[in-house]
Amino acid sequence: MRPQTQLEARPKTKWEYRKDRISNLWFLFKESRVGILGVAILAIFFILAIASEIPPRLDHMYQPLYGTDPDIIGFSQPSLRHPMGTDFMGRDLFSQLLEGSKWGLIVGITAAAASVVVGTVVGLVSGYFGGTIDTILQRSADIVLTLPSIPLILVIGTALGRLSIWNIVILIGMLGWPSTSKVIRSQVLSLRERPFIESARVSGASDGRIIFRHIAPNVLPLSFLYMTFGVTGAILTEAALSFIGLGDPSTVSWGMMLQWCFTSGYTFKAPFWLLPPGLCITFLALSFYLIGIGTEQIINPRLRKR
């Protein structure tokens, strides 16, 4: 019997293969300066979101929604005790800004993830089965796609009086899936004709296994790309709804900060109240957009450097 040599490589396990694939994708992503800049900006907001739990633990007056400074009545200028000052109720604005970071990430990621999951599943099923199922799903997507998102949410918000933060997340997720489903469907139409899918059919694999085990991993990078762009839209939508008065007043978001600043009459009197939440909305949305651009440079062969 021939003895084994060190040159005979051990076959990689499934987890080792996935680890190598992720490492390769990260190596390609690091070459995109735009994507790295987006990750750096996003990391700052994650730090701010984590830090939002610190001020309320130090003193109750730094509680974003209910905490007030007993020595200050109403609005005040920035000071050492309150780096951004206080609002018309005497609440600390810096604590509100940190709390807004947390809700900005929660709303953006949750709403975008919901819409992408629905869109990906619909696209996979529609593209794989075709026929009547494809027609029904795609016509449903066309109907939802033609609905004006903001006006529809406004109508629902007006009917309900106010929207909770989770109602906003659900509505954004329900209205944001059609575009993802159409892109995923077009990819599945190509993938289902590949030899490895035919081999899976011949080996006796079920339709569900083929869809979610063989086809889905090949379209997930594209789903992630659309999720990064979806986060940007979700953040801006929530901020817009809160600013016009249809947000959740029990949740301290950046949009609610802008709404409180506007309704209390300090829009042009307190730039330290108006500008920080507006800039945070802009840069958080920008960070996900830049990450999406960096991801697209990996997925799109025309933009890939190697």
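Residues numbered from 1 in each chain as written. Predicted model: local features only at pLDDT ≥ 70, side-chain atom pairs only at ≥ 80, totals over all residues. Heavy atoms only, no water.

> It is not clear to me how the overall build of the chain should be interpreted in this structure. Could you clarify?
From N to C terminus, the chain includes twelve helices and zero strands. Element order for the chain, N to C, with α for helix and β for strand: α-α-α-α-α-α-α-α-α-α-α-α. By the burial criterion, 42% of the 306 residues in the chain qualify as buried. By sequence separation, contacts in the chain at least 24 residues apart represent 69% of the contacts at least 6 residues apart. Of the roughly 16,800 Å² that the chain leaves accessible, carbon and sulfur atoms contribute 66%. (Helix = DSSP H or I, 4+ residues; strand = E, 2+ residues; numbered from the N terminus. Buried < 20%, exposed > 50% of the residue type's maximum accessible area, 1.4 Å probe, protein only. Contact = heavy atoms within 4.5 Å. Areas by Shrake-Rupley, 256 points an atom, 1.4 Å probe, with all protein chains shown as cover.)

> Looking at this structure, how should I read the packing of helix H4 (residues 93-129) against helix H11 (residues 254-263)?
A pair of packed helices can be characterised by two numbers: the angle between their axes and the separation between those axes. In the contact formed by H4 and H11, the axes pass within 8 Å of each other and the chain directions differ by 145 degrees. Only Trp254, Met257 and Trp260 of H11 make contact with H4, whose side of the interface consists of Leu93, Gln96, Leu97, Gly100 and Ser101. Tallied by class, the residues present in the contact of H4 with H11 amount to five nonpolar, three polar and no charged. (Axes fitted to C-alpha atoms, helices over the stretch in contact; angles between N-to-C directions. Nonpolar A, V, L, I, M, F, W, Y, C, P; charged D, E, K, R; others polar.)

> Where do I start with the confidence of the model for the chain in this structure?
As a general rule, the predicted coordinates of low-pLDDT regions are not to be interpreted in detail. Per-chain confidence: the chain averages 85 in pLDDT, with 88% of residues scoring 70 or above. Per-element averaging of pLDDT across the chain places helix H1 (residues 14-30) at the bottom with 62 and H4 at the top with 93. (pLDDT = per-residue confidence, 0-100.)

> Can you walk me through the pattern of salt bridges in this structure?
Side chains that differ in sign of charge can pair as their charged atoms come close. As enumerated under the stated definition, the model contains ten salt bridges in all. Put simply, Arg81 and Asp69 hold a salt bridge, and the shortest N to O gap is 3.4 Å. Here Arg81, found in the loop between helix H3 (54-58) and H4, pairs with Asp69, found in the loop between H3 and H4; they are twelve residues apart in sequence, far enough to count as distant. A relative accessible area of 37% places Arg81 in the partly exposed class. We note a salt bridge from Arg139 to Asp142, for which the minimum N-O separation is 2.9 Å. On the criterion of helical spacing, the pair formed by Arg139 and Asp142 is a turn pair, its members being three residues apart in helix H5 (residues 131-146). (Salt bridge = Lys/Arg side-chain N within 4 Å of Asp/Glu carboxyl O.)

> Explain helix H10 (residues 207-243) to me, please; I cannot follow it from the model alone.
Along an α-helix, residues three or four apart share an orientation, since each turn contains 3.6 residues. End to end, H10 covers just 47 Å across 37 residues, shorter than the expected 54 Å (1.5 Å per residue, more than 12% under). If you look at H10, its biggest bend is around 60 degrees, right at Ala216, and the proline Pro217 turns up within four residues after that. Taken from the residues just after H10, Gly245 is the one with a positive phi, measuring 100 degrees. (Expected span 1.5 Å × (residues − 1). Bend = angle between axes of the 7 residues up to and from the residue.)

> Looking at this structure, I do not really get the packing of helix H2 (residues 33-51) against H4. What am I missing?
It is at 7 Å that the axes of H2 and H4 come closest, and there the two elements cross at 120 degrees. Taken together, the axis directions place H2 and H4 in an arrangement best described as oblique. At the point where H2 passes H4, the crossing takes the left-handed sense. Here Leu42, Phe45, Phe46, Leu48, Ala49 and Ala51 of H2 come into contact with H4, specifically with Leu98, Ser101, Lys102, Leu105 and Ile109. Among the residues forming the contact of H2 with H4, the class breakdown is nine nonpolar, one polar and one charged. (Parallel < 35°, antiparallel > 145°, perpendicular 65-115°, else oblique. Left-handed = near helix turned anticlockwise from the far one by under 90°.)

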